[in-house]
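Residue-level listing of the chains:
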Amino acid sequence: MASIESVTLDVADPTAANHFYTAAFGLDTQIHLRASEAPTTGFRGFTLALTVSQPATVNSLIDAALDAGATALKPAAKSFWGYGGVVRAPDGTIWKVATSAKKDTGPDTRQIDEIVLLLGVADVAASKRFYVERGLAVAKSFSRMYVEFAAGSSPVKLALYRRRALAKDVGVAPDGTGSHRLMIGGGAGPFTDPDGFAWEAGSLTPTPRRATTDGATPPEEWLSTK
């Protein structure tokens, strides 16, 4: 079964980005960085989501991200699905931090239960077929709105969502041009998908970061079009 082996973000300053991701989220081996000045404007068409166990952890991670230089796109708040907020990292990557829980059950641990790379696509059904043909196994599928693929042993799960709905969910306009500034590594590559997201064979080896990853959280607990 094919899955993600690495996620690499193209950033203008890898050293500064490394400092941010360490200070904000404690990330290490799950997210790589690569120096790039590829032109890009507006929404890059993807987000990264961190699912956690309770609101206190959401608040802790978002506060740390803001202290490290992130910009708030959506303040942490209760929603129909739980509790969460959205920030934009200094390198431009959009991050959502959320939990299905609406009340705390203990002290903040800063533990990240799951990392999800969510690609905003024009046609969810067509992109789903594309990825299935390349060996990814569907774990969950909600009509033509959302698809989640089995992660296997990967620290990052891949999911597809409609581009406009994804932009609305994180509080930005859906328009954007230029590079996604994203490279996905895995056994399914190399290829470029119908929405221009590029995959490489295997993993890359730029500057790494670290996070704890165990457990799983259903997509509706951090995805909402409200």
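Residues numbered from 1 in each chain as written. Predicted model: local features only at pLDDT ≥ 70, side-chain atom pairs only at ≥ 80, totals over all residues. Heavy atoms only, no water.

Asks: Please clarify how the overall build of the chain should be interpreted in this entry.
Replies: When helices and strands are tallied, the chain shows four helices and 16 strands. Going through the 226 residues of the chain one by one, you find that 51% of them count as buried. In the chain, once contacts between residues fewer than 6 apart in sequence are set aside, the share between residues at least 24 apart is 71%. Here the chain displays about 9500 Å² of accessible surface, and carbon together with sulfur accounts for 52% of that area. (Helix = DSSP H or I, 4+ residues; strand = E, 2+ residues; numbered from the N terminus. Buried < 20%, exposed > 50% of the residue type's maximum accessible area, 1.4 Å probe, protein only. Contact = heavy atoms within 4.5 Å. Areas by Shrake-Rupley, 256 points an atom, 1.4 Å probe, with all protein chains shown as cover.)

Asks: Whenever I open this one, the sheet that holds strand S8 (residues 114-121) confuses me. Can you help?
Replies: The strands that make up a sheet pair up through hydrogen bonds in the backbone, lying either parallel or antiparallel. The strand order across the open sheet formed by eight strands is S5-S6-S7-S4-S8-S11-S10-S9, and the pairing between neighbours is mixed. Taken across any chain shown, the strands that pair with only one partner, and hence form the sheet edges, are strand S5 (71-78) and strand S9 (138-142). Each strand of the sheet is rotated relative to its neighbour by a mean of 15°, with strand direction disregarded. As defined by bridge partners, S5 adjoins strand S6 (residues 83-88) across five bridges and the pair is classed as antiparallel. Note that in S6 the partner of Ala 77 across the bridge is Gly 84. (Pairing = 2+ DSSP bridges. Axes fitted to C-alpha atoms, helices over the stretch in contact; angles between N-to-C directions.)

Asks: Could you clarify how one ought to interpret the packing of helix H1 (residues 14-25) against helix H2 (residues 55-67) in this entry?
Replies: A packed helix pair is summarised by two numbers, namely the angle formed by the two axes and the spacing between the axes. At a minimum axis distance of 7 Å, the contact between H1 and H2 shows a crossing angle of 150°. When the axes of H1 and H2 are compared, the pair comes out roughly antiparallel. When you trace H1 past H2, the crossing you get is right-handed. Across from Phe 20, Ala 23, Ala 24 and Phe 25 in H1, the residues of H2 making contact are Leu 61, Ala 64 and Ala 65. When grouped by side-chain class, the residues that make up the contact of H1 with H2 number seven nonpolar, no polar and no charged. (Parallel < 35°, antiparallel > 145°, perpendicular 65-115°, else oblique. Left-handed = near helix turned anticlockwise from the far one by under 90°. Nonpolar A, V, L, I, M, F, W, Y, C, P; charged D, E, K, R; others polar.)

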